[in-house]
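# Reading the structure
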Amino acid sequence: MMRVTNLEPTAFPRLLSFVPDRLCIRHTAFTRPRCRKSSLFTTSCLNDVEVTIATDHNYGNKQVIAVTPRIYDYLLTNVREPPILRQLREETASMRGSQMQVSPDQAQLLTMIVQILGAKRCIEVGVYTGYSSLAVALVLPESGVLVACERDMTSLEVAKRYYEQAGVSHKVDVRHGLAVDTLNSMIENGEGCSYDFAFVDAEKRMYHEYFELLLKLVRVGGVIVIDNVLWHGKVADPLVLDKKTESIRSFNRALMEDERVSISMVPVGDGMTICRKR
Ligand SMILES: C[S@@+](CC[C@H](N)C(=O)[O-])C[C@H]1O[C@@H](n2cnc3c(N)ncnc32)[C@H](O)[C@@H]1O
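Since we're looking at a predicted model, the values are computed, not measured.

What counts, and where the lines are drawn
- Residues numbered from 1 in each chain as written.
- Predicted model: local features only at pLDDT ≥ 70, side-chain atom pairs only at ≥ 80, totals over all residues.
- Pairing = 2+ DSSP bridges.
- Helix = DSSP H or I, 4+ residues; strand = E, 2+ residues; numbered from the N terminus.
- Right-handed = clockwise from strand over helix to strand, strands pointing away.
- Near = placed C-beta within 6 Å.
- Nonpolar A, V, L, I, M, F, W, Y, C, P; charged D, E, K, R; others polar.
- Buried ≥ 20, exposed ≤ 12 C-beta atoms within 10 Å, placed from the backbone.
- Core = buried A, V, L, I, M, F, W, Y, C linked by C-beta atoms within 7 Å.
- Contact = placed C-beta atoms within 7 Å.
- pLDDT = per-residue confidence, 0-100.
- Arc of directions from axis to C-beta.
- Axes fitted to C-alpha atoms, helices over the stretch in contact; angles between N-to-C directions.
- Parallel < 35°, antiparallel > 145°, perpendicular 65-115°, else oblique.

With that settled, consider the pairing of strand S5 (residues 172-176). Note: strand S4 (residues 145-150) against S5, 5 bridges, orientation parallel. In the sheet register, Val-147 faces S5, and the bridge partner there is Asp-173. Read from S4 through helix H5 (residues 153-166) to S5, the crossover connection turns out right-handed.

What follows is the structure, given as structure tokens:
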């Protein structure tokens with residue numbers, strides 16, 4: 001049995017990371033890139049902002065800042081976004097569904113997790129035009145691979161064009177089709193426990209299924225990041241009862257009880273993250 005503490009809760013206020021309870025661990029030969037930069041996490045205390053104070057008195061007067069447009073604009077000016085990602089973001093902005101793209105700050109966090117892990121083998125479920133997958137591919141070592149699962153060929157064509165342009169096509173294994181089918185075929189193909197990192201950003205009602213399949217594919221100690229677990233705040237509103245919201249709520253509840261993984265919920269880009277523990 002092995003517990004993973006790659007992401008200490010103190011490093012990320014409320015990041016959800018978990019790893020499954022499965023054995024087949026083939027990750028000890030994991031090589032890290034030679035020249036690794038240190039990772040810096042910053043937190044701040046702001047005076048001039050909207051502050052939310054926990055209503056549960058057991059939290060004392062714990063203050064949480066609300067991200068206002070001004071703060072978010074400031075935050076974005078402090079994100080290192082490679083020019084190729086910016087170009088993709090700008091091209092996608094005029095496309096249908098552009099709001100689905102992860103934000104630059106979120107992509108930066110994903111790539112930092114990939115780098116901290118020294119990940120070589122990654123999976124993305126839900127590629128769209130490729131912003132998050134390109135961000136990950138850019139930081140993978142030359143021998144790294146990202147299996148990119150997407151059902152929509154039109155958006156996938158944009159992604160593939162950018163992988164080419166960025167010179168990372170050789171690291172991206174594009175799988176057109178339903179993600180569940182792709183993940184199942186990878187398991188049948190004997191790829192269980194061989195991945196270091198996975199990012200889920202597709203059909204919200206399939207989160208339980210994606211999670212269970214990814215637990216089989218990601219090694220003990222690996223990290224699974226799940227986007228949109230706060231679902232634009234709807235999960236916290238008891239009056240919102242639509243199927244997607246209910247499904248994400250049920251997924252979040254299940255994770256709380258799931259001893260196979262360590263968890264941490266991070267309110268970044270409306271997202272939250274998952275990693276594997278036993
Ligand atoms: C939120 S977007 C992904 C955004 C992407 N991560 C980015 O940064 O640009 C969700 C994508 O998942 C795809 N998708 C939804 N359900 C899927 C499924 N069952 N199998 C494969 N792809 C799916 C959609 O076509 C869409 O492109």
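On to the site of the ligand. Among the 19 residues in the neighbourhood of the ligand, the closest are listed as Met-100, Gly-126, Tyr-128, Ser-132 and Ala-179. Of the residues contributing to the shell around the ligand, the split by class is 9 nonpolar, 5 polar and 5 charged.

What follows concerns unusual backbone geometry. Peptide bonds are, in most cases, trans, and in most cases residues other than glycine have a negative phi. Residues other than glycine seldom take positive phi values, yet Asn-228 does so here, at roughly 65°. Within the secondary structure, Asn-228 sits in the loop between strand S7 (218-226) and helix H8 (243-257). A tally of 22 C-beta atoms within 10 Å means that Asn-228 is categorised as buried. In the Ramachandran plot, Trp-231 falls in the positive-phi region, its phi being about 45° despite a non-glycine side chain. Looking at the secondary structure, you find Trp-231 in the loop between S7 and H8. The buried category is assigned to Trp-231, around which 22 C-beta atoms lie within 10 Å.

A word on the nonpolar core. Core analysis: the biggest nonpolar cluster contains 64 residues, and Cys-122, Leu-134, Ala-198, Val-200 and Leu-214 have the highest contact counts within it. Looking at which element gives the most residues to this core, the answer is helix H7 (residues 207-217), with 7 residues. Setting aside residues up to four positions removed in sequence, Cys-122 forms contacts with Val-114, Val-136, Leu-140, Leu-146, Tyr-195, Asp-196, Phe-197 and Ala-198.

Turning to the environment of Lys-171, a few remarks are in order. With respect to the helices and strands, the residue Lys-171 is situated in the loop between H5 and S5. Accessibility expressed as a C-beta count within 10 Å gives 23 for Lys-171, which makes it buried. Placed 35 residues apart in sequence, Lys-171 and Val-136 show a C-alpha to C-alpha distance of 9.9 Å. If we skip the residues at most four places from it in the chain, Lys-171 touches Ala-137, Leu-140, Gly-144, Val-145 and Leu-146.

Bringing the confidence of the model for the protein into the picture now. Confidence in the prediction of the protein, expressed as mean pLDDT, is 83, and 79% of residues score 70 or more. Of the regions scoring below 50 in pLDDT, residues 1-34 engages in 102 contacts with residues more than four places distant in sequence or in other chains. Note on residues 271-276: pLDDT under 50 across the span, and 49 contacts to partners over four residues away in sequence or across chains.

Turning our attention to the pairing of S4. Of all 6 residues that make up S4, 5 are buried, and the element is covered over most of its length. As paired elements, strand S3 (residues 121-125) and S4 share 5 bridges and run parallel to each other. Bridge pairing in S4 places Ile-123 opposite Val-147.

Turning next to helix H2 (residues 83-92). Those residues of H2 that fall on the buried side of the exposure criterion are Leu-85, Leu-88 and Thr-92. Burial along H2 is one-sided: seen end-on, the buried residues are contained in an arc of 60°. When the buried face of H2 is taken as reference, the exposed residues oriented beyond 90 degrees from it are Pro-83, Arg-86 and Glu-90. In this structure, the buried residues of H2 make contact with helix H3 (104-117), helix H4 (131-139) and H5.

Examined against the element boundaries, Glu-150 turns out to sit in strand S4. Among all residues touching Glu-150, those that are not within four sequence positions of it are Gly-126, Val-127, Ser-155, Leu-156 and His-176.

Its location among the elements puts Tyr-72 in helix H1 (residues 69-77). Measuring from C-alpha to C-alpha, the distance between Tyr-72 and Asp-105 comes to 9.6 Å, with 33 residues separating the pair along the chain.

A few words on the packing of H2 against H4. One way to put it is that H2 packs onto H4 with a least axis distance of 10 Å and a crossing angle of 175°. Compared by their axis directions, H2 and H4 come out roughly antiparallel. Residue-level inspection shows Ile-84, Leu-85, Leu-88, Arg-89 and Thr-92 of H2 in contact with H4, the latter providing Tyr-131, Leu-134 and Ala-135. Class assignment of the residues belonging to the contact of H2 with H4 gives a composition of 6 nonpolar, 1 polar and 1 charged.

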